[in-house]
Amino acid sequence: MPAHLQDEPPTSFSKSIPGLLLLAIAYLGFVSIGLPDTVAGIAWPSVRQTFELQQSAFGWVFLALGSGYCLSAFFGGRLMLALGIGSLLTISSALVVAAMFGFAAAPVWPVFVACAVVWGLGSGAIDTGLNAYVSAHFSARHVNWLHACYSLGTTLGPLLMTAVLVREGSWRFGYGLVGGMILVMTILFLATRRAWGEPPAAATDDDGNQVGMSAALRQPLVWLQILVFFLYVGLEFTVGQWSFTLLTESRGISQEIAGMLAGSYYAGIGIGRVLFGMIAERVGLDRLLRGSILTALVGALLFAFYPASGSYLGLALIGFGLAPVFPCMMAGTPRRLGSFAAHAFGFQVSAGMLGVMIVPSLAGVIAERMGLEVVAKFAVVLAAILWAAHEVLVRGSRKPS
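In this text the structure is predicted, and so the values were computed from the model without any measurement.

Draft legend 1. Region of the structure containing unusual backbone geometry. Its identity as a non-glycine residue notwithstanding, Glu52 has a phi of 55°, on the positive side. As for its position among the elements, Glu52 is in the loop between helix H1 (17-51) and helix H2 (58-74).

Draft legend 2. Local environment of the packing of helix H5 (residues 109-137) against helix H13 (residues 325-337). Packing of H5 against H13 leaves a shortest axis separation of 8 Å and a crossing angle of 65°. Considering how the two elements wind past one another, H5 and H13 form a crossing that is right-handed. Of H13, the residues touching H5 (which contributes Asn131, Ser135 and Ala136) are Phe326, Met330, Ala331 and Pro334. Looking at the contact of H5 with H13, its residues break down into five nonpolar, two polar and no charged.

Draft legend 3. Just helix H6 (residues 140-167), in detail. Under the 1.5 Å per step criterion, the end-to-end length of H6 is 41 Å for 28 residues, consistent within 8% with the ideal 40 Å. Gly169 occupies a position one or two residues after H6 and carries a positive phi of about 70°.

Draft legend 4. Local environment of the environment of Val233. Checked against the element boundaries, Val233 lands in helix H9 (residues 220-250). Sequence separation between Val233 and Val349 is 116 residues; the distance between their C-alpha atoms is 9.6 Å. Look past the residues within four positions of Val233 in its chain and what remains in contact with it is Phe326, Gly352 and Val356.

Draft legend 5. How the structure looks around the packing of aromatic side chains. Using the criterion set out here, one finds 18 aromatic pairs in the structure. Seen in terms of ring centroids, Trp109 and Phe112 are 5.4 Å apart; in terms of plane orientation they differ by 15°. Their pairing is stacked. Pair noted here: Trp109 and Phe112 are both in helix H5, with a separation of three residues, about one helical turn. A relative accessible area of 14% places Trp109 in the buried class. Taking relative accessible area as the criterion, Phe112 reaches 3% and is therefore assigned buried. Each ring, one from Phe112 and one from Trp171, has its centre 5.8 Å from the other, and the planes form 70°; the classification is edge-to-face. Highlighted residues: Phe112 in helix H5 and Trp171 in helix H7 (residues 171-191), separated in sequence by 59 residues. Each member of the pair, Phe112 together with Trp171, is buried. Feature note: the residues Trp44, Phe51, Phe103, Trp109, Phe112, Trp119, Trp171 and Tyr175 constitute an aromatic cluster, connected by ring pairs. If you follow Arg251 out to its NZ or CZ, it ends over the ring of Phe303, 4.6 Å from the centre.

Definitions and cut-offs
- Residues numbered from 1 in each chain as written.
- Predicted model: local features only at pLDDT ≥ 70, side-chain atom pairs only at ≥ 80, totals over all residues.
- Heavy atoms only, no water.
- Helix = DSSP H or I, 4+ residues; strand = E, 2+ residues; numbered from the N terminus.
- Axes fitted to C-alpha atoms, helices over the stretch in contact; angles between N-to-C directions.
- Left-handed = near helix turned anticlockwise from the far one by under 90°.
- Contact = heavy atoms within 4.5 Å.
- Nonpolar A, V, L, I, M, F, W, Y, C, P; charged D, E, K, R; others polar.
- Expected span 1.5 Å × (residues − 1).
- Phe/Tyr/Trp six-rings, centres within 6.5 Å; stacked < 30°, edge-to-face > 60°.
- Buried < 20%, exposed > 50% of the residue type's maximum accessible area, 1.4 Å probe, protein only.
- Lys NZ or Arg CZ within 6 Å of the ring centre and 35° of its normal.

This is the structure:
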């Protein structure tokens, strides 16, 4: 493996006390990103009843969220250069707080949808800023654990909203509570704003020319990474969103067992990120990603073609295999893309959100015409293309410039 792709800690900054404090805040930041992401589904039945909506109206929330998320993430690199990471995190976190309190107080449905746009604008920028900072200053171990914290947030979110609904009977109070928790995060970002460093100088190429967004988008490796992020997140959310329905409605598995199996998928992602974080530095990013994507592909094949055993083992293998892909790809971005990395972080986060918006919906359209079992086979195709795209990326990055 070339030296520029080996998984060494990027700088000695990670060993300093201020650096470790900011890392701890980054961990908390990713917990805060995950909290509202899964709260929406738990709150939806109550929200729908309050505003007297059809089930299909939920799609407007995801469309609004995704639009704001993609927009702020895409321009995340430019925002970091203009504001600095500390200010970007503070402002973006404040936007998420405003969105949560806006949800809690929304008098009519259009206001609720507008708040989802604000939520997306804040979350996309936080995602980009934290990934950029941790990838630049810490090893792949911490990037994996950073995303394990996101999984923790997505686990706590439903528990929190469910407890509020049971005790208080108010989804508005639940959103307000989430907003209050993220407000604490915002105050931490504000208090440490200067510690995150001044806005970085604009990167330049070998000729001394400033590297802008358009220059980054002309790089084949940038587009290959965009493709990998689109495929990975699309695959993760397709399996996550459709597995329960496929297991119960096509394979006749009870809701209780199907829920446990779907939970094993998400548990595999969370546990995998913790475990892979421990070995990423010794194994190396490319080798680890190759093995993990192949593991996910084997799991997808089991899930699709051996339903008796695959329904139980396949889902867990898919989740475990996919676990390190997003964080390790982020960790390798500065080494692989060099001066183009600042903009690429935003492109990658934006591509992931597009994967969330497009790929599971495409799976639904195909399932409508060909039956639910085709979703499992669709996951096999996605995993195979993901593996091939990563192979092309690795070989392309090893060519001499």
